[in-house]
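Survey of secondary and tertiary structure
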Amino acid sequence: MRRIICGLAALAAAAFAGPAHADVYPSRQITLIVPFAAGGPTDIIARIVADHMSRTLGQTIVVENAAGAGGTTASTRVARATPDGYTIMMGNLGTHSASVGLYPRLAYDPRTDFEPVINTAGTPMLIAAHKDFPANTLQEMIALIRANPARYNYGHGGVGSTSHLTCIFFHHLVGAPVQHVPFRGSGPAMAALLGKQLDYVCDQTVGIVPQLANLKTFVVATPARLPTAPDVPTSTEGGLPAFQAVGWNAIFAPKGTPRPIVDRLNAAGRAALADEAVRKRLLELGCEIPDAAGQTPEALRAHVAAEVDKWTPVIKAAGVTAN
């Protein structure tokens, strides 16, 4: 009888321990991994959103930059992390969609090895060159690189990054195999472009909009012009209507993270995206903020799967692999 009573007491204690533990999350600092160097679009968005989420959750969210292999090194690390909500990441189109087509030996599956938390910001893609680049329109640029692709180069935030993927798509459309220069993030690539060590980049609004006055920006890969860059023609206006590309940045947790923790993080992310100051900063950078229906974990899971299906054939058609 004593054993039975002790056993029942242990079960009761365990039953109460689970909810109590979930209720106190988070009880310590959270690490948000950004799989690129500081200063790039994903890093900027992560810091804006994480700052507000920290206040909502009552715990500091520390942003840790861990660049390498187009973001897949850090993504692998997060996929293998303890699923307790204290190690999460800001993934993007490159790490969680393009990676499937680019890396034949990818160590994770973005569709199944993470718990989606929230899609934070869409980022239309633009093509911009340094001020002395010898072209003034998209068609002039295309003519130059088609005539002599070996003469020009472009930079990106690492093999498999959103900026790399977009340029692969662009060069596939125009038939110009231009040399590429990988960096450990879009921030360093932008610095090289401004220093004229690169000819051009394909990058997200977050990286290009603040530098519009210092660059020649040829096109935005969207159906409509951007409010933050009204003078930049759309791809249709530029004569390349098939060039449509919008990046995105979203928070993920390791697979197996308890749903109450995912929901807690999602609620904090929603609060950030509803905050007027956060929205103003993101919109000024040219971001597109998902509506309420697009901010659920289920919507993000479906979005990742759809993006894998969209970009994998594009990458295979271009004949590009990363390893």
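Above this note sits the structure.
Quick notes on the rules
Residues numbered from 1 in each chain as written. Predicted model: local features only at pLDDT ≥ 70, side-chain atom pairs only at ≥ 80, totals over all residues. Heavy atoms only, no water. Core = buried A, V, L, I, M, F, W, Y, C linked by side-chain atoms within 4.5 Å. Buried < 20%, exposed > 50% of the residue type's maximum accessible area, 1.4 Å probe, protein only. Contact = heavy atoms within 4.5 Å. Disulfide = S-S within 2.5 Å. Helix = DSSP H or I, 4+ residues; strand = E, 2+ residues; numbered from the N terminus. Salt bridge = Lys/Arg side-chain N within 4 Å of Asp/Glu carboxyl O.

Counting residues in each nonpolar core, the largest one holds 47 residues, and the members touching the most others are Ile127, Met141, Phe170 and Tyr200. Ignoring any residue separated from it by four or fewer positions in sequence, one finds Tyr200 in contact with Ile127, Ala128, Ala129, Phe133, Met141, Ile145, Asn153, Tyr154, Gly155, His171, Val178 and Leu193. Counting residues in hydrophobic clusters, the runner-up holds 33 residues, among them Ala50, Ile261, Leu265 and Ile289.

We now examine the state of the cysteines. Every disulfide links exactly two cysteines, by a covalent bond between their sulfur atoms. As enumerated under the stated definition, the model contains one disulfide in all. Sulfur-sulfur distance for the disulfide between Cys167 and Cys202 comes to 2.0 Å. Taking the torsion about the S-S bond as the criterion, the Cys167 to Cys202 disulfide, at about 90 degrees, is right-handed. Pair noted here: Cys167 is in helix H6 (residues 162-174) and Cys202 is in strand S7 (residues 200-204), with a separation of 35 residues, a long-range link. Each member of the pair, Cys167 as well as Cys202, carries the same accessibility label: buried. Of all cysteine sulfurs in the structure, the one in Cys202 sits closest to Cys287, which takes part in no disulfide; the separation is 18 Å.

This structure, assessed with the given rule, holds eleven salt bridges. As a salt-bridge pair, Asp263 and Arg259 come within 2.6 Å of each other at their nearest N and O atoms. One end of the pair is Asp263 and the other is Arg259, both in helix H9 (residues 259-274) and four residues apart, which spans about a single turn. Exposure remark for Asp263: the relative accessible area of 35% places this residue in the partly exposed category.

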